Amino acid sequence: MRDKRTWILYAGLLVLFWGVWGAFSSQPTERYGYPNEMIYVIWAFTMILPAAFALRRQRFDRRPIAAVYGLAAGLTGAGGQLLLFQALSNGPAYLIFPVVSLSPVITVLMAVALLRERIGRLAVIGVVAALIAIVLISIPAGDHGSAGTGSWLLLSILICVAWGAQAFFMRKAALADVNDATTFGWMTVSGLLLVPVAVLMMGGLPDAPWQAPALTAGTQVLNAVGALFLVMALSRGKASVVAPVTNALAPVLTIVLSLVVYQTLPTIWGTIGIVLALGGSTLMVYADEKREEEPETRDPSTPVAGA
């Protein structure tokens, strides 16, 4: 039987890998003008490395339900990436990302409504604090003016829903006793299936110096390995707690690294967001630990997440 508390370890590793990835992921585009679609293509292939590692440690689950949940998680995640590229081509990133970053709300609502997960009062406060932190961290510095609504707004909402649903499907796979390696393997297959779509969006492969794909591969490996840690965390902890923690703290690490590497300072809103993210995640971890220490009093017929 798995130790449910190990989700904290994998969530922490996820924050580390995604936080570093977030700080350096824009470098291929900023330095060499590398297309975002090509970054997606390279990311899809870097997923093979952690997938191969995971499948060496666990047996591939050949049940149809494993394929259904794995493909659902993979296609919602990869599809959201492609929609993001389209949204960024006709809308302001400083408004798109705050909308997209609210995806944990979808995960929480789906987990509570469909998985019957329950979270305590402290955890609820932590979730709210973490979600507010995500929005505050995403507020841009300076006055960029206003932007009218358009297709980018609808696309941003669709990305938010897709990525929230992805985390939910990962959790459903875990409740169906699908192991981490199998889910991640199907996610890798899903990402590769959409590679031709990304190439068509570019109109063909771009001309770029070798440094561009090399730098992209280096940063996207962090992204891919972080995705594996996300699967492992969601298979061991509550989706309604894991999703907000990971989505709030990874940007915190990105901001800290940006401060050190790029000599940039967070805005006042970003600073408040950092405090809320740390406080909210601490409350959620404390509430989860406290729940584990309480004696079992629930109705045995009530489904238990992570069992």
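Everything numeric in this text was worked out from a predicted model, so none of it was measured.

Criteria and thresholds
- Residues numbered from 1 in each chain as written.
- Predicted model: local features only at pLDDT ≥ 70, side-chain atom pairs only at ≥ 80, totals over all residues.
- Heavy atoms only, no water.
- Helix = DSSP H or I, 4+ residues; strand = E, 2+ residues; numbered from the N terminus.
- Buried < 20%, exposed > 50% of the residue type's maximum accessible area, 1.4 Å probe, protein only.
- Contact = heavy atoms within 4.5 Å.
- Expected span 1.5 Å × (residues − 1).
- Phe/Tyr/Trp six-rings, centres within 6.5 Å; stacked < 30°, edge-to-face > 60°.
- Core = buried A, V, L, I, M, F, W, Y, C linked by side-chain atoms within 4.5 Å.
- Axes fitted to C-alpha atoms, helices over the stretch in contact; angles between N-to-C directions.
- Parallel < 35°, antiparallel > 145°, perpendicular 65-115°, else oblique.
- Left-handed = near helix turned anticlockwise from the far one by under 90°.
- Nonpolar A, V, L, I, M, F, W, Y, C, P; charged D, E, K, R; others polar.
- pLDDT = per-residue confidence, 0-100.
- Patch = residues over 30% accessible without salt bridge, like charges linked within 9 Å, V, L, I, M, F, W, Y side chains within 5 Å.
- Areas by Shrake-Rupley, 256 points an atom, 1.4 Å probe, with all protein chains shown as cover.
- Salt bridge = Lys/Arg side-chain N within 4 Å of Asp/Glu carboxyl O.

Let's talk about the overall build of the protein chain
On a plain count of helices and strands, the protein chain comes out with 14 helices and zero strands. Along its sequence from the N terminus, the protein chain presents helices and strands in the succession α-α-α-α-α-α-α-α-α-α-α-α-α-α. Taking all 307 residues of the protein chain together, 47% fall into the buried category. Long-range pairs, those at least 24 residues apart, make up 93% of the contacts in the protein chain between residues at least 6 apart in sequence.

Some remarks on helix α1 (residues 7–24)
Between its first and last C-alpha atoms α1 spans 26 Å; for 18 residues at 1.5 Å apiece the expected length is 26 Å, and the two agree. Buried within α1 are the following residues: Trp7, Tyr10, Ala11, Leu14, Val15, Trp18, Gly19 and Ala23.

Overview of the environment of valine 245
Structurally, the position occupied by valine 245 is in helix α13 (residues 239–261). When the C-alpha positions of valine 245 and alanine 11 are compared, they lie 7.7 Å apart, and in sequence the two are 234 residues distant.

Re the packing of aromatic side chains
A ring pair, where both rings are aromatic, is described by two values, the distance of the centres and the angle of the planes. Per the stated rule, a full pass over the model turns up six aromatic pairs. Note on tyrosine 40 and tryptophan 43: the rings are 5.2 Å apart at their centroids and 50° apart in plane angle, and the pair reads as tilted. Taken as a pair, tyrosine 40 and tryptophan 43 lie in helix α3 (residues 36–46) at a separation of three residues, close to a single helical turn. Exposure class is identical for tyrosine 40 and tryptophan 43. Each is buried. An aromatic cluster of three or more residues is present, and its members are Tyr10, Phe17 and Phe229.

A closer look at the nonpolar core
Judged by nonpolar contacts, the single largest core of 52 residues is most densely connected at Tyr40, Met47, Met170 and Phe184. The element that contributes the greatest number of residues to this core is helix α12 (residues 211–234), accounting for eleven residues. Excluding residues within four positions of it along the chain, methionine 170 makes contact with Ala73, Met187, Leu230, Val231 and Leu234. Formed by seven residues, the second largest nonpolar core is a distinct cluster that contains Leu84, Ala87, Ile96 and Leu155.

Points about the environment of arginine 5
Position of arginine 5 relative to the elements: it lies in the segment before α1. Spatially, the C-alpha atom of arginine 5 lies 7.2 Å from that of glycine 237, the residues being 232 residues apart in sequence.

Regarding the side chain of threonine 188
Summarising the element assignment, threonine 188 is placed in helix α10 (residues 180–193). Beyond its immediate chain neighbours, meaning those up to four positions away, threonine 188 contacts Ala44, Met47, Ile48 and Ala51.

Thoughts on the packing of α3 against helix α11 (residues 195–202)
Contact geometry of α3 with α11 gives a least axis separation of 9 Å together with a crossing angle of 160°. The angle between α3 and α11 falls in the class roughly antiparallel. Handedness of the α3/α11 crossing: left-handed. Touching Glu37, Met38, Tyr40, Val41, Ala44 and Phe45 of α3 are Val195, Ala198, Val199, Met201 and Met202, all from α11. Of the residues that constitute the contact of α3 with α11, the class distribution is ten nonpolar, no polar and one charged.

Observations concerning the packing of α3 against helix α4 (residues 48–57)
Interhelical geometry of α3 versus α4 gives an angle of 15° and a closest axis separation of 5 Å. Judged on the interaxial angle alone, α4 and α3 are roughly parallel. Counted together, Ala44, Phe45 and Thr46 of α3 and Ile48, Leu49 and Pro50 of α4 form the full contact between these two elements. A breakdown of the residues in the contact of α3 with α4 according to their chemical character gives five nonpolar, one polar and no charged.

As for the environment of glycine 237
Among the secondary structure elements, glycine 237 is positioned in the loop between α12 and α13. We classify glycine 237 as buried; its relative accessible area is 4%. Residues glycine 237 and alanine 11, spaced 226 residues apart in sequence, show a C-alpha to C-alpha distance of 9.4 Å. In contact with glycine 237, other than residues within four places in its own chain, are Trp7, Arg171 and Val242.

As for unusual backbone geometry
Unlike most non-glycine residues, aspartate 177 shows phi in positive territory, near 65°. Within the secondary structure, aspartate 177 sits in the loop between α9 (151–175) and α10. Judged by its relative accessible area of 61%, aspartate 177 falls in the exposed class.

Observations regarding the confidence of the model for the protein chain
Of all residues in the protein chain, 81% attain a pLDDT of 70 or more, and the chain-wide mean is 79. In this model, residues 143–148 is a region of pLDDT below 50 whose contacts with residues beyond four sequence positions or in other chains number six contacts.

Concerning a nonpolar patch on the surface
On the surface, Val135, Ile139, Ile268, Trp269 and Ile272 cluster together to form a nonpolar patch covering roughly 410 Å² of accessible area. Looking at the nonpolar patch, the element that brings in the most residues is helix α14 (residues 268–293), giving three residues. You can see tryptophan 269 is positioned in helix α14. Look at tryptophan 269 and you get partly exposed, because its relative accessible area is 43%.

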